[in-house]
Structures are given as structure tokens and as C-alpha cells.
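Observations on chain architecture
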Amino acid sequence: MKTWIPLFAILSKDMKAYYLKPPNISWGLIFPFAWTGMFFIRSGGGIGGIMELLPGVTALSILFGTTSMLAVTVTFEKKSRSFDRLLLSPITLETLMLAKTSGAILFGVANAVVPVLMAMLFIDVSGVSWPLFAAAAILIAVVSAFLGLFVAVAVSEVFEAQTFSNFIRFPMVFLCGLFFPVQSLPVFLRPLAYALPVTYGADLLRRAILGTGMMNQWMNISILTGYCTVLFFLTVKNVRRRWIS
Amino acid sequence: MNEPIVLATSLQKRFGNITAVQDASFSIEPGEFFGFLGPNGAGKTTTINMLTGLARPDSGRLSIAGIECTGNVKAAQHLIGVVPDESNLYPELTGLDNLAFCGALYGMGRTARKERAALLLESVGLAEAGRRKFGGYSRGMKRKLTIAAGIIHEPPILFLDEPTTGIDVESARHIRKLISDLHATGTTVFLTTHYIEEAERLCSRVAFIVNGRVVRQDSLENLLAPVKGVSILSLCSTRSLEEADLAALSRSFPRYVFNPEKGNALSVQSEEAFPISPLVAFLEERGFPVLEAVRRRPSLEDVFVSVTGIGSEQMKKEGKK
Ligand SMILES: Nc1ncnc2c1ncn2[C@@H]1O[C@H](COP(=O)(O)OP(=O)(O)OP(=O)(O)O)[C@@H](O)[C@H]1O
Ligand SMILES: [Mg+2]
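The structure presented is a predicted model; accordingly, all values stated were derived computationally and were not measured.

Helix and strand counts for chain A stand at 10 helices and 0 strands. Going from the N terminus to the C terminus, chain A shows its helices and strands as α-α-α-α-α-α-α-α-α-α. The C-alpha atoms of chain A give a radius of gyration of 18 Å, which matches the 18 Å a tight globule of 245 residues would have. Dimensions of chain A along its principal axes, counting C-alpha atoms only, are 55 × 40 × 35 Å. Out of the 245 residues belonging to chain A, those deemed buried represent 54%. Of all intrachain contacts in chain A linking residues separated by at least 6 positions in sequence, the fraction that spans at least 24 positions is 75%. Approximately 10,400 Å² of chain A is accessible, and the part contributed by carbon and sulfur atoms is 73%. When the 18 positive and 9 negative side-chain charges of chain A are each reduced to one mean point, those points stand 5 Å apart.

Next up, the structure:
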């Protein structure tokens, strides 16, 4: 069977049914727009401050845009039993989970564009390494999507998925070096920061936008890829254990 | 003899302390119409889930169309169509889009699935409604579209979980017609139901499942054979009989079998034709005026009652749950 047919069908159905719905467009695009504006204005650091804030704001947009959707596209569909239809079809579980996350990943990457476009209005962004920026945005989107998926599969109610994903993403805002460097965290919190994948994504974004970072870019990319792989296979295992039980 | 298209051996499934299905074995031949008949909680849905890949049996073996499926039905899922007891389509998509989406899940190309979806909408009588959102459909319409979705990829085996439960008589009739037409074109059908008449009307072979156990399975013909020459009389009174009255009846008429039926009725079975008046006299003497006496042909219901001890009355009540 041609795998891409169901994969593409699931992606475009999710797009049509969920992602391109007005409330999600507003959450996905206006929300980053609003907080980017807010951060830029409040920072008071002048034009240079915008550049400093851009990596954090971009990472934040991707993280929230991506993780928020899987509670609906996965937990809700499982609850309403339409997910069973997917489990009954001759698609491997891996393909199925990739299809379910690909919408969220695209949505996350689209969210990354908003802060950049806004920044472009005020500052010169010619110094940004776009290939690296794209790699960072995609990797953050993928790792956030898989985190969201992990949560969505681990719980059985939509509200649990939302609560649980807030429980992990809000700490990330403070711990992952989005707005202040990990090195300035209290020593006992640092191991936690290093355990969270977004730390490496944010670092990669800083490297792409500001040309500086804690770690080598290849190191960041490898660690993020590792996280993606582990989260993905853990999730597929969870689906097999919990949903085909 | 052909190789069975579904071969289940000693399937078992527990949920905590409850044994939902216990030692279920059956084999279904290609082209057969197999009925799984049992009351609520008997384990019908659990069995379908194990056969289609939504549940993993704790033990037992399963093969579908010769493909070894124990523990993983994926390899055979392209051969299977499933119509679940509750609709699992997408309320926010139209009927047509739902069907086309289901076709895509089975790898059908865009044109092929659009054409097939339109054809199926026509045949289930939803050609007009196909452009409307599924969420706004009535129960009967939902059930019909769910059936269409189950056969979008023309599966050789179709599993239907109580397809006529909870919908009006007319829609149920239409659905039974659809299913028997499908069977006539060569589809192997596995149908669960708690309507005994439905099983009798549609199925070529029937299994009775009670409390997770398959208590009897045979061709309809063989199941009905013992009651073939039997004479049955339904007596209707103003109130229903107590245990004591039944016991007294059995003592006075030892050659007859008595079973309470719905609506204060009592069925009387015997191997041969028998006179009515002694029974009527006996009942009236005990304060049960006989309002009506009807002779009828023995049915699967009588077999089911004698095998399982569960009355049709009870089965019907279950359906309304
Ligand atoms: N996921 C589950 N967790 C716990 N118990 C379950 C689960 N699924 C089914 N059961 C139990 O297993 C038994 C069989 O249930 P099943 O749904 O298979 O019955 P059924 O014959 O389909 O009944 P119905 O006619 O009501 O659909 C019941 O006692 C039910 O409570
Ligand atoms: Mg059931």
C-alpha cells in the first residue's frame, strides 16, 4: 500500500478540521503576534533588545502552538472513538503517529515565522543564519509535537492533556534559557534545564540569530534528534500498550 | 473444504476481575454469514475488538484469511471492514468527505475513493445528505454512513457490531437489506446482535454467547432441527405466572415444556400436536383467564431459550439499555 496516501489524508483532514479553524488560527498566529509585541515593547532595550529577545519569543511561539493542538487531535479523537478508525486501518502505528504529529509540526513552524516577520519591521535581520534558524525551528516543533503527543497518549481526558501539557511547558519557559541564560539559574535547577529538550532548541536558535550559544550547533542538533527519536518510540509503545490492550 | 477465513482458537480476554471472553473458538468459512448472538455484556464487542485489532487477547490464537494474526492483526487489516456499535466518524466532515477519508486510509487514490464514496452514498440512500456534515445526521443515517465507511475498500470480511440496535424499524429493515445484499455478492459477514429474529433471518450459522462463553454454535439448519417437528402454543393471560404455577403446570403436564414469554404469555412446547382445552381449564381454575391461544412455528428463539435459559423478554429489555 502507498503509505503517503493515508499519511497525507490524515494530515489534510486534521488541517481542515482543526488547525485552519478560526479559533486556532487566532491562537496560533495572533497570540504569538501579541506576546512578541508585548515583549518588544516591555524590554525597553531599544532596537538591539529586540534581537536579544527574538530567540526566546520564537521558541515560545513554537512550543505553545505545537503542544496545544495534540490534546484535541489525539486525546479528543480517542475519547470520541474516531481514533479507533485509524487504529483499525492497515497503517503502521509509526506512520499513524507521524501523520497525527505532522500537522502540529507545520503549525509550530508557521508560528515561528510570526515573531521573525514582526522583528523584520524594526531591525535588520541580515545577520541571521537562515538554514540554522530553519533547522532550529523545525527541531523545536518536532520535539514539542512529540512531547505533546506523549502527554496526549498518556492521559484519557482532554482537560488532563491540557493541564498536563501546561504542567510541563510553563516550567520550560523559565528553565530552558528562553529569556535568561541557563547559567544564571540556581545550581540545583540546572540539571533540570539540561534534561529538557527545549533548552537545546533555544540554544540553537540563539546561535542562528545572535551567533552565540552555550553549545556547539551540531551537539544541539544531535541531542534534539535523540530526544525526538526516544519520545517518538516511547509514544508508539504507549499507544500499543494502552490503546490496543 | 475451504480454509476458514476466520479461525479463532480459545480466545480469552480479562479486564481486571471480569472475564469478558472465555475460551472462544469458532471458524468461519469464506462467504458465510456468521451470527454472534448474546445479551448485553456477553462479550460480543470484546470478541469483535480482538478479531479486528482493537484489543489484544490474553491467550488464544487467531488467523484471518490464512494470515497468522495472534497478537497483531495489522497484516490482515486491509481485508477487514468494521462497523462499530457506535459511530466513529468525524462530525465536522460531510458524509462524502468522511467516506473519502476512510478510503484514503486504505490507500485508495483520490479519484477511486471519490467515485466509490458517491456510489456508496447512493446505495445507502444518503446521496442528498452526503454534502451535509455528519454531526447533523439522525441515528439511522449515521449508522448507514458507518456501514458505507466499513465497506469503502470492498473488504472480503465485514464485522458488524449490533448494526440495527437503537434505530427505527424502517432504517433497521433497510440496513438488513444492505447487509444481505453484501453477503449475496460474496462478502463474509460476522454480525453480533441480541435480536434473535435478526440472527434467524440473516445468518447461515449462529453462535450463542453468554457470560463470555460460546455455549453453542451450529448452522441455522442444525440448530433448528430439534424443534422442527415441535408444536408450540402461546397462551396469553391477564397476568404472568409465578414460579409455583409453572411448577404445578410441569407436574400436571410432564410431557410439555413451559416457558414464560413477554406480555403475560406462556409458551407450551411438545414433541407432537396436543389438545388445548385441558391446559386452558387448568389455568382458568388457578385464576389465569386465557385471552388468546396461538399456535406458531418453532423459531431460533425457542432454541436459544432452551440452550441458554435466557428468555426473549430479557434479551429485548437489554436492547433498550
Ligand atoms: N475496557 C473494558 N474495561 C473493563 N471491562 C470491560 C471493558 N470492555 C468490556 N468490559 C466488560 O466485559 C464484558 C463484556 O463486554 P462487551 O462489551 O464485550 O459485551 P457485549 O456483548 O458487546 O455487550 P453489549 O450488548 O452491551 O454491547 C462486560 O462485563 C463489560 O463490562
Ligand atoms: Mg457490544
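Moving on to the site of ligand 1. All names here are of chain B. Around ligand 1, a shell composed of Phe15, Ile18, Ala20, Pro39, Asn40, Gly41, Ala42, Gly43, Lys44, Thr45, Thr46 and Glu162 is seen. In the model, an oxygen atom of ligand 1 is placed 2.8 Å from a nitrogen or oxygen of the Lys44 main chain. At 2.7 Å, a side-chain N or O of Thr45 approaches an oxygen atom of ligand 1. Considering ligand 1 on its own, with 640 Å² of exposed area, one finds that the protein chains cover 63% of that surface. Mapped by element, the contributors of at least two residues to the shell around ligand 1 are β2 (18-28) and α1 (44-52).

Let us now look at the domain arrangement of chain B. Assigned domains of chain B: these are domain 1 (6-219) and domain 2 (229-297). Here domain 1 of chain B and domain 2 of chain B have C-alpha centroids that lie 40 Å from each other.

Moving on, we get to the sheet that holds strand β12 (residues 257-261) of chain B. Residues and elements named next belong to chain B. Judged by pairing direction, the sheet is antiparallel, and its 4 strands sit side by side in the order β12-β13-β11-β14 without closing on themselves. Each edge of the sheet is formed by a strand with only one pairing partner; in this case those strands are β12 and β14 (290-296). For this sheet, the mean inter-axis angle between neighbouring strands, taken without regard to orientation, is 20°. Bridge count for strand β11 (residues 231-237) against strand β13 (residues 265-270) is 6 bridges, and the pairing is antiparallel. Paired with Cys236 across the bridge in β13 is Ala265.

In this section: the interface of chain A and chain B. Across the contact, 27 residues belong to chain A and 31 residues belong to chain B. When residues of chain A are sorted by the area they lose upon contact with chain B, Arg81, Arg85 and Leu88 of chain A head the list and together hold 31% of the total. Joining chain A to chain B, the criterion identifies 3 salt bridges. A salt bridge links Arg81 of chain A to Glu86 of chain B; the nearest nitrogen and oxygen atoms lie 3.6 Å apart. At the junction of chain A and chain B, the tally comes to 12 residue pairs in polar contact (both at pLDDT 80 or more).

Reading the values: rules and limits
- Residues numbered from 1 in each chain as written.
- Chains lettered and ligands numbered in written order.
- Predicted model: local features only at pLDDT ≥ 70, side-chain atom pairs only at ≥ 80, totals over all residues.
- Heavy atoms only, no water.
- Helix = DSSP H or I, 4+ residues; strand = E, 2+ residues; numbered from the N terminus.
- Rg over C-alpha atoms; globule rule 2.2 N^0.38 Å.
- Buried < 20%, exposed > 50% of the residue type's maximum accessible area, 1.4 Å probe, protein only.
- Contact = heavy atoms within 4.5 Å.
- Areas by Shrake-Rupley, 256 points an atom, 1.4 Å probe, with all protein chains shown as cover.
- Lys, Arg positive; Asp, Glu negative; His and termini not counted.
- Charge placed at Lys NZ, Arg CZ, Asp CG, Glu CD.
- Near = heavy atom within 4 Å.
- Polar contact = N/O pair within 3.5 Å; in protein donor to acceptor, adjacent residues only side chain to side chain.
- Domains from an automatic or database assignment.
- Pairing = 2+ DSSP bridges.
- Axes fitted to C-alpha atoms, helices over the stretch in contact; angles between N-to-C directions.
- Buried area = accessible area lost by both parts, 1.4 Å probe.
- Salt bridge = Lys/Arg side-chain N within 4 Å of Asp/Glu carboxyl O.

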